[in-house]
Amino acid sequence: MALRLGNLELDFPLVQAALSGYSDMSMRVIARRMGAPYTICEVMLDKFLVELNDRKKNRHFLSIAEEEHPVGGQLMGAEPEQFAAGAARLVEAGFDVIDINFGCPVKKVLGRCRGGFHLSQPEVALDIVRRTRDVVPSEMPLTVKMRRGIDDTQESRDKFFEILDGAFESGVDAITVHGRTVQQRYIGPSRWEFLTEVKRHVGQRTILGSGDLFSAQDCFDMMNETGVDGVTVARGAIGNPWIFQQARALAAGQVLPPPPTTFEQLEIIQEHLRLVIELYGEDRAMTNFRKFGVKYSFLHPQVEELRAKFVRIREMADWEAIRDEFYAVDQPGHYLSGEIHNKQVNCSAG
């Protein structure tokens with residue numbers, strides 16, 4: 001079940017997606033240890049990268065652990081020239097793959113002509129691709145992340161395929177397609193049948209699918225139903241690195257492993273926290289770990305009570321109190337439910 005990204009061959013077709021605000025080095029290392037063959041750093045703005053200095057408080061943005069190679073760096077921006085300069089900075093930092101984001105649906109991103117906005121302007125999008133390919137070494141894989149369009153109009157569909165075909169012709173090695181439109185954000189189902197159409201359209205070229213992957217079985221269902229070459233796991237991997245371990249077990253013909261017990265969760269959580277401290281320093285650790293703790297709570301049998309505690313965590317003593325209350329006794333855990341993620345999205349969307 002290998003997956004090829006240009007010259008890079010991965011031994012497994014499930015990878016961890018770039019997750020803004022989440023997929024820093026700490027999360028990526030945990031995912032790799034749990035079976036992800038490849039992870040992508042959280043998306044960074046081209047302008048930010050070009051202006052980034054080496055001050056201590058900024059170092060975590062480009063931190064890469066030796067054990068996590070191969071690792072991708074994802075880039076988002078507005079101007080083709082600036083985009084290429086940002087890509088060069090990611091190459092210099094030591095990333096093994098450069099990924100272009102044409103899929104982010106966040107309103108403030110769209111308002112600044114970044115991310116998914118580029119799906120509305122194929123000429124600019126393809127100029128970005130060509131300029132990026134020119135500065136990225138020829139042997140280094142270049143990939144693109146897209147959604148199925150701005151909306152469901154015929155014009156949007158035509159522009160999607162113009163960018164898709166043009167990107168491959170310009171030297172892109174693989175493209176990830178999310179089954180929702182930019183307009184949908186994360187609301188409503190991901191349209192997997194569109195991925196089937198895209199894969200048929202491109203033939204032997206590499207397509208990865210994305211959208212509504214919250215379990216190991218979801219990942220194989222997407223590949224089997226659509227024919228995509230691999231999948232990128234996004235929200236389904238936050239606080240749930242076991243998804244990669246579970247998927248490898250299914251691929252090996254084994255039964256689905258049970259969800260991690262609370263003791264097994266505790267072991268990973270404590271190691272994740274250690275990596276966060278190493279990355280950000282003790283004074284900033286809990287601020288950065290809180291969001292991960294909330295997601296880990298989704299697997300705990302007392303999810304609502306635990307999540308409420310993690311939301312208020314401020315210092316190490318708060319974590320120790322949580323550990324002593326919720327992880328002192330080994331209990332069966334839960335598999336991640338996509339409903340809990342979608343509930344949060346629907347609430348935040350008003």
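Criteria and thresholds
- Residues numbered from 1 in each chain as written.
- Predicted model: local features only at pLDDT ≥ 70, side-chain atom pairs only at ≥ 80, totals over all residues.
- Heavy atoms only, no water.
- Helix = DSSP H or I, 4+ residues; strand = E, 2+ residues; numbered from the N terminus.
- Rg over C-alpha atoms; globule rule 2.2 N^0.38 Å.
- Contact = heavy atoms within 4.5 Å.
- Areas by Shrake-Rupley, 256 points an atom, 1.4 Å probe, with all protein chains shown as cover.
- Lys, Arg positive; Asp, Glu negative; His and termini not counted.
- Charge placed at Lys NZ, Arg CZ, Asp CG, Glu CD.
- Axes fitted to C-alpha atoms, helices over the stretch in contact; angles between N-to-C directions.
- Left-handed = near helix turned anticlockwise from the far one by under 90°.
- Nonpolar A, V, L, I, M, F, W, Y, C, P; charged D, E, K, R; others polar.
- UniProt positions renumbered as here; feature names shortened; annotations may be inferred.
- Buried < 20%, exposed > 50% of the residue type's maximum accessible area, 1.4 Å probe, protein only.
- Arc of directions from axis to C-beta.
- Core = buried A, V, L, I, M, F, W, Y, C linked by side-chain atoms within 4.5 Å.
- Domains from an automatic or database assignment.

Some points on the overall build of the protein
Then comes step 1: When its secondary structure is counted, the protein shows 14 helices and 11 strands.
Then comes step 2: The C-alpha radius of gyration computed for the protein amounts to 20 Å, which stays within 12% of the reference 20 Å derived for 350 residues, consistent with globular compactness.
Then comes step 3: Each principal axis of the C-alpha distribution contributes one length, and for the protein these read about 55 × 45 × 40 Å.
Then comes step 4: Pairs at least 24 residues apart make up 70% of the contacts formed inside the protein by residues separated by at least 6 positions.
Then comes step 5: Carbon together with sulfur atoms contributes 48% to the accessible area of the protein, which is approximately 14,900 Å² in total.
Then comes step 6: Within the protein, the 49 negative side-chain charges are centred at a point lying 5 Å from the centre of the 41 positive side-chain charges.

Brief notes about the packing of helix 3 (residues 80–93) against helix 5 (residues 122–135)
Then comes step 1: Contact geometry for helix 3 and helix 5: axes closest at 8 Å, N-to-C directions at 35°. With respect to the hand of their crossing, helix 3 and helix 5 are arranged in right-handed fashion. Contacts between helix 3 and helix 5 involve Pro-80, Glu-81, Phe-83, Ala-84, Ala-87 and Ala-88 from the first element and Val-124, Asp-127, Ile-128, Arg-131, Thr-132 and Val-135 from the second.
Then comes step 2: Residues belonging to the contact of helix 3 with helix 5 are distributed by class as follows: 8 nonpolar, 1 polar and 3 charged.

Brief notes about the UniProt feature "binding site: FMN" (unreviewed entry) in the protein
Then comes step 1: According to UniProt, the feature "binding site: FMN" (unreviewed entry) maps to Gln-74, Lys-145, His-178, Ala-234 and Arg-235 in the numbering used here.
Then comes step 2: Position of Lys-145 relative to the elements: it lies in strand 8 (residues 142–147).
Then comes step 3: Those residues in contact with Lys-145 that lie beyond four places of it in its chain are Gln-74, Asp-99, Ile-100, Asn-101, Phe-102, Gly-103, Thr-176, His-178 and Ser-210.
Then comes step 4: Within the secondary structure layout, Arg-235 lies in the loop between strand 11 (230–233) and helix 9 (242–251).

Focus: helix 8 (residues 216–226)
Then comes step 1: Listed as buried for helix 8 are Ala-216, Cys-219, Phe-220, Met-222, Met-223 and Thr-226. For helix 8, the arc enclosing every buried residue in end-on projection is 155°, short of the 170-degree limit, so these residues lie on one face. When the buried face of helix 8 is taken as reference, the exposed residues oriented beyond 90 degrees from it are Asn-224 and Glu-225.
Then comes step 2: Structurally, helix 8 contributes buried residues whose contacts are with strand 3 (14–16), helix 7 (192–202), strand 10 (206–210), strand 11 and helix 9.
Then comes step 3: Gly-227 lies just past helix 8 and shows a positive phi near 85°.

Overview of the nonpolar core
Then comes step 1: Counting residues in each nonpolar core, the largest one holds 94 residues, and the members touching the most others are Phe-102, Leu-164, Ile-175 and Trp-319.
Then comes step 2: Take this core: its biggest share by element is 8 residues, from helix 10 (residues 262–280).
Then comes step 3: Residues lining this core come from more than one domain, with at least three contributed by each of domain 1 (9–252) and domain 2 (262–327).
Then comes step 4: Counting residues in each nonpolar core, the second largest holds 11 residues, with Leu-3, Val-15, Tyr-38 and Leu-208 among its members.

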